[in-house]
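Each chain, written out:
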Amino acid sequence: MDFTTPGGERIRRSAETEDKTQAQELHDKLKAESWRIAKLGERPKRTWDEAAYRWLMESQHKKSHLEDVAKIRWLQQFFKGKFIDDLTRDVIAKVGELKLKETSPATANRLLALIRAILRKAALDWEWIDRPPVIKLYREAKRRVRYLTPEQANALLRELPEHLADMVRFSLATGLRQANVTGLEWSQVDIARRVAWIHGDQAKAGKPIHVTLNATAVEMLTKQIGKHPKVVFTFKGKPVVEVNTKAWRKALQRAGIENFRWHDLRHTWASWLTQQGVPLNVIQEMGAWESADMVRRYAHLAPEQFSQHAQVVDVLLNGTFSAQQ
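Conventions adopted
- Residues numbered from 1 in each chain as written.
- Predicted model: local features only at pLDDT ≥ 70, side-chain atom pairs only at ≥ 80, totals over all residues.
- Heavy atoms only, no water.
- Helix = DSSP H or I, 4+ residues; strand = E, 2+ residues; numbered from the N terminus.
- Core = buried A, V, L, I, M, F, W, Y, C linked by side-chain atoms within 4.5 Å.
- Buried < 20%, exposed > 50% of the residue type's maximum accessible area, 1.4 Å probe, protein only.
- Contact = heavy atoms within 4.5 Å.
- 1 Å grid on protein atoms, 1.4 Å probe; cavity = no way out; pocket = protein on both sides within 12 Å on 5 of 7 lines; lining within 4 Å.
- Points joined across faces, edges and corners; volume = space filled by probe spheres on them.
- Axes fitted to C-alpha atoms, helices over the stretch in contact; angles between N-to-C directions.
- Parallel < 35°, antiparallel > 145°, perpendicular 65-115°, else oblique.
- Left-handed = near helix turned anticlockwise from the far one by under 90°.

## Details of the environment of D201
So, step 1. Here D201 shows up in the loop between β4 (195-198) and β5 (209-212).
So, step 2. With 138 residues separating them along the chain, D201 and K63 place their C-alpha atoms 8.4 Å apart.

Set out below in structure tokens:
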């Protein structure tokens, strides 16, 4: 195809088809569109592919960048080549329903949230469309806090291979997330001062985390000295990358523990602290939770702690009644 726009720009490109009739139709369509853009001030029609590509280019710094790539790859089977003007609420809802059939509401919501974010960018920042469609998310059931009792934790530790048992003990001692344990390097540890630290670009909230090491954590770290020059936790001389392995799942089965993920070790750590009377604001700081709401889910595990505060009213009421008598 070869033509010149009203603004003097030469368009010369392949129609990407061997059918002469189809090529001519595309030629005429693009030429007419360029005229409307130049003479009537119409916006050029943009495709989902253009929007998704620009989103990925502008969000490469995001921690979720690779997750976005995977989601967009899945969405291409539905949106490839479609104009973003045609991605109505109904069209997007049908895709959400298909995702919901194969995943949980939370997973489907993350996909819908990505579509919504891209289309909002297209409308508000890039000015490709007038307004983004309204995208309704699914209701998510609030998950129960899953944690182990000390007896269950010890049963699990007995069933795990040594390298995983060490990592589980360290996780229960520090409350660190899986990625921060598997990625921990010796440069982030000071055993003499009993501290470790997670860099901001390694933390979920994007802020550095100071880790106070208790005796158990120090013991597990000391045990790893000399196994690898850079990474703390290894297996057969190589860094541990994946922990949700067959060995992990089989150990859970032998220990009689069901519906338990590695991340629930962090819940276990926080639950144990709460049950021992550690204030929620301290747990929030130790666990590097950005929001207090994330820690309030453990509040029901501290009845004795709240009972002490509730007794303040007893003193006031009893003093009032005594004065009246």
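## Considering the nonpolar core
So, step 1. Counting residues in hydrophobic clusters, the biggest one holds 38 residues, and the most contacted among them are F170 and W248.
So, step 2. Broken down by secondary-structure element, the contributors of at least two residues to this core are α6 (150-159), α7 (162-174), β4, β5, α9 (215-224) and α10 (246-254).
So, step 3. Sort the elements by how many residues they give to this core and α7 lands first, with 7 residues.
So, step 4. Contact partners of F170, with chain neighbours within four places excluded, come to L176, V181, L184, L213, A217, M220, L221 and F233.

## Some words on empty space enclosed by the protein
So, step 1. Going through the model one piece at a time under the given rule, you end up with 1 cavity of 30 Å³ or more.
So, step 2. Its volume calculated, the largest cavity comes out at about 40 Å³.
So, step 3. Around the largest cavity, the lining residues are T174, G175, L176, I209, H210, V211, R266, M286, G287 and A288.
So, step 4. Looking at the lining of the largest cavity, the elements with two or more residues in it are β5 and α12 (280-287).
So, step 5. Per-element tally for the lining of the largest cavity: the top contributor is β5, with 3 residues.

## Description of the packing of helix α4 (residues 89-102) against helix α5 (residues 105-125)
So, step 1. Following both chains from N to C, one finds α4 and α5 inclined at 155°, their axes separated by 8 Å at the closest point. When the axis of α4 is compared with that of α5, the two are roughly antiparallel. Crossing geometry of α4 relative to α5 is assigned as right-handed. Side by side, α4 and α5 meet where I92, G96, K99 and L100 of the first sit next to P105, T107, A108, L111, L112, I115 and L119 of the second.

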